[in-house]
Amino acid sequence: MEKIKNKWFNSRSVLLTWSLSYMAVLLLPVALSSIVYYQSSKMLTDEIHLANNSLLKQLRELMDKQIDAVNRLDFELNWNTKFRELVDQHKYVIFPEEYMYDLHDATKDMSLYQSAYSETDLFYIYLASRDTILLPGVYRNTRFAYAENHQSDSLSYEEWIDILQRKKFKGFVPVKRTNENGVSMEALAYVSTYDYEDDQPLGANVILLDKSKILSSLLNIEAFSKGHVVIADSDNNVLVSNSNTDLPARLPFGKQPGAGGMFIWESEGQQYEVFSIQSAVSSLRYISMIPSEVYWKKAELVRKLTVMSILASLLGGGGLTYIFLRKNYNPIQRIVRAFNNKVSLREKGANEFLFIQQAVDSTLNEMDNMMLEMKKQHYSLRSNYIMRLLKGKQEHELPLAEALSAFDIQLLSEDFGILLFYLEDVDIFLERVQGKTADEKLRLLHFIVRNVVEELVNVRHRGYLVETDETMPCLISLSEIPAEEQADDLLQAARSAQEFLAHKYSIYITVSISQVHRGLHQIPQAYQEALEAMEYKLVMGKQEVLSYEDIQRYNIRAETDSGYYYPLQSEQQLINYVKVGDFQAAQGALDEILQMNFSNHPVKLPLARCLILDLAGTLIKSIGELTASQNNILIQNPKRIDRLYSSETLTEMQEQLEGMLREVCDYARAKRLQHVQENRQEALSELINKVSAFIDERYTDPGLNVSLLGQQFDMKPTYLSRLFKEQSGEGLMDTINKKRISWSKQLITEQRLTVNEAAEKSGFNDVGTYIRTFKKIEGITPGKYKEIAED
């Protein structure tokens, strides 16, 4: 008994405190229940309406996110230059050979979009002029794509094509979708057609949403109210419904308030309370139909429960308080025993609460780790918000002051500047970091750059650097100091960061600096200036500090020149060097042109890029004068031109141009040698034909020999004999003797001449030579041949 007394009244126990608290808690609901009894029905109805409206808003937020993703995907598909070229087809009128390459390249981009937009079930682009469907990773003929994805009794191929060829159409259409397992299912297609050209359709973007996924988000409303949920378009067509009946289709849409609300509708003796809400990002409307009896049944139940709770509180409150007090103390004892097993808790406190406090203190380290993770997330959110500021995409729904406070962005004044950092060479740094993955190394790299830059800037100002893959913009809120000092501080911070990172960490960067602007609305302009200044790496080189203000002065000086230096005389000289394959002379001419433009006569960046393309055009023109256009080695390899145009510095541009120049010079030299060989072969063939013709005319002349032929064709006899043998395969005298023997055989057989007569008339000086030659060629003597012929 004494033990129980001590447990209740000892200040170190929680039993006494709990007993007093439970008594107060018991009296409070009794008093409140009596006050709200008469208002419970009305309040319950209002709460149910509010709950349904909240659930509809949750549905709207969920669906609007998917629709927003669809709109963003449709926007990116429309403005992707690769896809636009495939839709318009203008490019392939001039370059038809690039169509298949671009088509294959576009399917790869489609796969990247598929990974980025996981909310969509499937999307594709319809190319009307090519009768082709462009899907992620593949492309299909339209009829094959229809059979593979949409074939059903409810949607024919002609109806499907008619949807894709509608003029200026953007909206949702219910369709059938065949999944990877060959199962046909309901889907919602967002169709966005391209403008017509010459009264002909160009194509359409189609993005599919799985209806089953949409319906799964409606289960919360269905479980709450046992009613119906509908998604309808602006024409009051039911797109999605969780009902298997035609009840939603018979709903009087005309009674719905324009901005959403509630009205009562009666159908087939059943009364419904209809709630509707308009989508925030589209013309869709979300509607719920709840049977009215559901509300009143719940209201009656609440009334009964209220009376019962008051009676139960008054009659059994005291006893239940005692029972629950003892029952609820057991968990405290179990908690104390559980914490006693913790190694980190070495001694018990004065009472249960103090003991538990020690246990709570042991979890603070874990909470610190959680806070660290939250800080990382906060930094990511702040970076995203700053990027939106830089790009001029500030969200007007969230007040600026609240946004800056939420993301811990401190403004020292209304003056701002942008430093843009470009990571040029980080290989040495990454090689030094051992024992980490590539992603961890990259995060460490960004962490170092961010901390170095912000520490240097925060000496007098406030800087907020955003981490991206290569370009890292830093938004700087400048303090209230003179404008000249603000600009000098930006330049000094850029140079200090560049030198420190290079010296300490072997991280080499290029920095561009915007002008100082006043007002948050000027942040996008400052960011654009930093980007434009960064482009001048082409002329200024890498690992430099590029000031937009200096570049503007440079451009003003460049405007005094009428253009870049590339006269026709220099172009023709370069063409001549290329055509003869003289690489050294051609390289010297090219270096002279670049030196005149980038040193003696500086040109603006756009003109510099034009000069690059002009020089590349000269090389193409040079090869074009040597061979047919389809055999032009530069046209056959367009990626060389792409690499040239995308060069980031003048040095890289010169390397690309010299590589192209060497290739075309080698080609021209090989082509010239080929022409020389062909001309020589043609001349030799003509000479051999003349010699053979001369032999045919004079072979019966005894004086015809190699010396006579050499005199006749003004060549050394031995050289002429060697050329003749190389071309015909036999020597001159062998050819002459064969013709003489052949003629003598005719004289013997047809004219019945003797051996001596045949030898004399066929061009031999003596009979002995004739007999030896005849036997060498025919294998028998002329006398034997005569006997055989006479027999």
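Located above this text is the structure these notes cover.
What comes next concerns the included structure. In this numbering scheme, every chain counts its residues from 1 along its sequence in written order. For this predicted model, a pLDDT threshold of at least 70 governs which residues receive local features, and a threshold of 80 or more governs which side-chain atom pairs are given and counted, while totals over whole chains, interfaces and linings are taken from all residues. To obtain the side-chain values, all non-hydrogen atoms of the structure were included, while hydrogens and water were left out.

## Side note on the overall build of the protein
Each helix and strand counted, the protein has 32 helices and 17 strands in total. Buried, partly exposed and exposed residues are distinguished by accessible area as a fraction of the type maximum, computed with a 1.4 Å probe on protein chains only: under 20%, between the cut-offs, and over 50%, respectively. Counting all 791 residues of the protein, 42% fall into the buried class. Contacts are residue-level and defined by heavy atoms, with any inter-residue pair within 4.5 Å sufficient. At a minimum sequence separation of 6, the contacts of the protein that also span at least 24 residues come to 61%. Per the convention used, a helix needs a DSSP run of H or I reaching at least four residues, while a strand needs a run of E reaching at least two, with both numbered from the N terminus.

## Details of the pattern of salt bridges
By definition, a salt bridge exists where a carboxyl oxygen of Asp or Glu is found within 4 Å of a side-chain nitrogen of Lys or Arg. Tallied over the full model, the rule gives 20 salt bridges. The partner of Glu-414 in a salt bridge is Arg-518, and the shortest N-O contact between them spans 3.8 Å. Separated by 104 residues along the polypeptide, Glu-414 in the loop between helix 14 (400-406) and strand 12 (415-425) and Arg-518 in strand 16 (residues 517-518) bring together distant segments of the chain. On the accessibility criterion, Arg-518 (46% relative accessible area) is partly exposed. A salt bridge links Glu-467 to Arg-450; the shortest N-O distance between them is 2.8 Å. With Glu-467 in the loop between strand 13 (462-465) and strand 14 (471-477) and Arg-450 in helix 16 (residues 438-457), the pair connects residues that are 17 residues apart, well separated along the chain. Exposure remark for Arg-450: the relative accessible area of 15% places this residue in the buried category. Linked by salt bridges that have partners in common, Glu-85, Lys-91, Glu-98 and Asp-102 make up one network.

## Some remarks on the environment of Val-87
Along the chain, Val-87 falls in helix 4 (residues 81-88). What makes Val-87 buried here is its relative accessible area of 1%. For Val-87 and Gly-203, which are 116 residues apart along the polypeptide, the C-alpha to C-alpha distance reads 6.3 Å. The contact partners of Val-87, leaving out residues within four places of it in the chain, are Ile-125, Leu-127, Ser-129, Tyr-194 and Leu-202.

## So, the packing of aromatic side chains
Any two rings among Phe, Tyr and Trp, with Trp reduced to its six-membered ring, count as a pair given centres within 6.5 Å; such a pair is stacked if its planes are under 30 degrees apart, edge-to-face if over 60, and tilted if neither. In the structure shown here, the tally under the stated rule is 13 aromatic pairs. Between the aromatic rings of Tyr-146 and Tyr-157, the centroid separation amounts to 5.5 Å while the plane-to-plane angle is 70°, which identifies the pairing as edge-to-face. Here Tyr-146, found in helix 7 (residues 142-149), pairs with Tyr-157, found in helix 8 (residues 157-164); they are 11 residues apart in sequence, far enough to count as distant. Across the pair, Tyr-157 and Tyr-146 agree in class, each one buried. Considering the side-chain rings of Tyr-770 and Phe-774, the 5.8 Å spacing of their centres and the 65° angle between planes classify their relative orientation as edge-to-face. Here Tyr-770 and its partner Phe-774 are both found in helix 31 (residues 767-778), 4 residues apart, which amounts to about one turn of the helix. A relative accessible area of 0% means that Phe-774 is categorised as buried. Every member of this aromatic cluster is reached through a ring pair, and the members are Tyr-124, Tyr-146, Tyr-157 and Trp-160. Lysine NZ or arginine CZ positioned within 6 Å of the ring centre and within 35 degrees of the ring normal marks a charge as sitting over the ring. The positively charged end of Arg-166 is found above the aromatic ring belonging to Phe-169, 4.8 Å away from the centroid.

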